[in-house]
Amino acid sequence: MKKLMNINSKKYTAFIDFYKLVPEFVKLPVNTKITLLKRNFTQVQRVNSSLTAHATGTVEDTNSLSVRRIFPDDLYCEVCICIQHFFPFVYDPLLLKILFIILIFSSSLSTRNSFEENFIDIQHLLSIQNLYIELFWRYLLSRCANYEKCVQILSTFVGRLLRSQTINSKLRDFVDETMTNQVDQLEPIMRAMWTNENK
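Residues numbered from 1 in each chain as written. Predicted model: local features only at pLDDT ≥ 70, side-chain atom pairs only at ≥ 80, totals over all residues. Heavy atoms only, no water.

Trainee: Explain the packing of helix 3 (residues 30–55) against helix 8 (residues 147–178) to me, please; I cannot follow it from the model alone.
Mentor: Two measures define how a pair of helices packs: the angle their axes make with one another and the distance between the axes. Where helix 3 meets helix 8, the axes come as close as 10 Å, and the angle between the chain directions of the two elements is 115°. By the angle between their directions, the pair helix 3 and helix 8 is classed as roughly perpendicular. Relative to helix 8, the crossing made by helix 3 is right-handed. Residues Thr42, Gln43, Arg46 and Val47 of helix 3 lie in contact with helix 8, whose contacting residues are Phe157, Leu161, Ser164, Gln165, Asn168 and Leu171. When its residues are assigned to classes, the contact of helix 3 with helix 8 shows four nonpolar, five polar and one charged. (Axes fitted to C-alpha atoms, helices over the stretch in contact; angles between N-to-C directions. Helix = DSSP H or I, 4+ residues; strand = E, 2+ residues; numbered from the N terminus. Parallel < 35°, antiparallel > 145°, perpendicular 65-115°, else oblique. Left-handed = near helix turned anticlockwise from the far one by under 90°. Contact = heavy atoms within 4.5 Å. Nonpolar A, V, L, I, M, F, W, Y, C, P; charged D, E, K, R; others polar.)

Here is the structure:
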């Protein structure tokens, strides 16, 4: 598990570089950026895993035998299905980029984190997110045959994201149990992402 998580640290770093190109993200206070990444990044990464798996033509890139040995069979299957459920959204790179931005500006996609931080201006975050949701909606309207298709795409994505949150909670429980007393051996970025901020 430790080796797998440390390998994934490169993906996390690449995404942070992507977010550094988003002006609204760059202008946020450092504490807010860190909190948003901790609360939202696993969901961003799940959608990105779908892109990677789809591009390689198989989910096996995400579920190599070594990964399969780490997770219990039921959790492994749920993660695979979740990744496949996002396949319909990976065909349009621009749409994906907008979705990644919308997700990172969520107040919290994690079902396990505290909302007590006073340094986060929720209204400001929502105003930024609304800007990108409007952009996303207009882009959908320009690409779809009709309004109903746009509603269907957006509704489907939200439903699958909610399902992904449930699976992420199970993954988090498994990681917490498996990585007990080993978090300090992770790469710094992974340690920051997976340290339970409610402890």
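Trainee: When you look at the packing of aromatic side chains in this model, what are you seeing that I'm missing?
Mentor: Note on aromatic pairs: each is described by the distance of the centres and the angle between the planes. What the rule picks out here adds up to 12 aromatic pairs. Centroid distance Phe71 to Phe174: 5.5 Å. Interplanar angle 45°. Geometry classified as tilted. With Phe71 in the loop between helix 4 (65–70) and helix 5 (73–85) and Phe174 in helix 8, the pair connects residues that are 103 residues apart, well separated along the chain. On the accessibility criterion, Phe71 (15% relative accessible area) is buried. Overall, the relative accessible area of 16% leaves Phe174 in the buried class. Their ring planes at 80° and their centres at 5.5 Å tell us that Trp137 and Tyr147 sit as a pair that is edge-to-face. Here the residue Trp137 occupies a position in helix 7 (residues 122–143), and Tyr147 occupies one in helix 8, the gap between them amounting to 10 residues. Among the aromatic side chains, those forming a connected cluster through ring pairs are Phe15, Phe18, Tyr19, Phe25, Phe41, Phe100, Phe105 and Tyr132. (Phe/Tyr/Trp six-rings, centres within 6.5 Å; stacked < 30°, edge-to-face > 60°. Buried < 20%, exposed > 50% of the residue type's maximum accessible area, 1.4 Å probe, protein only.)

Trainee: Is there a simple way to explain the pattern of salt bridges in this structure?
Mentor: Summed over the entire model, instances satisfying the criterion amount to five salt bridges. Residue Glu78 pairs with Lys170 through a salt bridge whose shortest N-O separation is 3.0 Å. A residue pair is termed long-range when its members are at least 10 positions apart, and Glu78 in helix 5 and Lys170 in helix 8 qualify at 92 residues. Taking the relative accessible area as the measure of exposure, Glu78 reaches 16% and is therefore buried. Arg143 is the salt-bridge partner of Asp92, the closest N and O atoms lying 3.5 Å from each other. (Salt bridge = Lys/Arg side-chain N within 4 Å of Asp/Glu carboxyl O.)

Trainee: How should the nonpolar core be read in this particular structure?
Mentor: In summary, soluble globular proteins display a tendency toward joint burial of nonpolar side chains. In this structure, Tyr19, Phe25, Val44, Phe105 and Phe157 are the most contacted members of the largest nonpolar core, which totals 50 residues. Considering every element that reaches this core, the biggest residue donor is helix 6 (residues 93–104), with nine residues. Contact partners of Tyr19, with chain neighbours within four places excluded, come to Phe25, Val26, Leu37, Phe41, Val44, Phe100, Ile101 and Ile104. (Core = buried A, V, L, I, M, F, W, Y, C linked by side-chain atoms within 4.5 Å.)

Trainee: Hey, could you run me through the packing of helix 7 against helix 8 in this one?
Mentor: Closest axis-to-axis distance for the helix 7/helix 8 pair is 9 Å, and the angle between their directions is 130°. As judged from the angle between their axes, helix 7 and helix 8 are oblique. You can see that helix 7 and helix 8 cross each other, and the crossing is right-handed. Residues Phe136, Trp137, Leu140 and Leu141 of helix 7 pack against Tyr147, Cys150, Val151, Ile153 and Leu154 of helix 8. A per-class count over the contact of helix 7 with helix 8 returns nine nonpolar, no polar and no charged.

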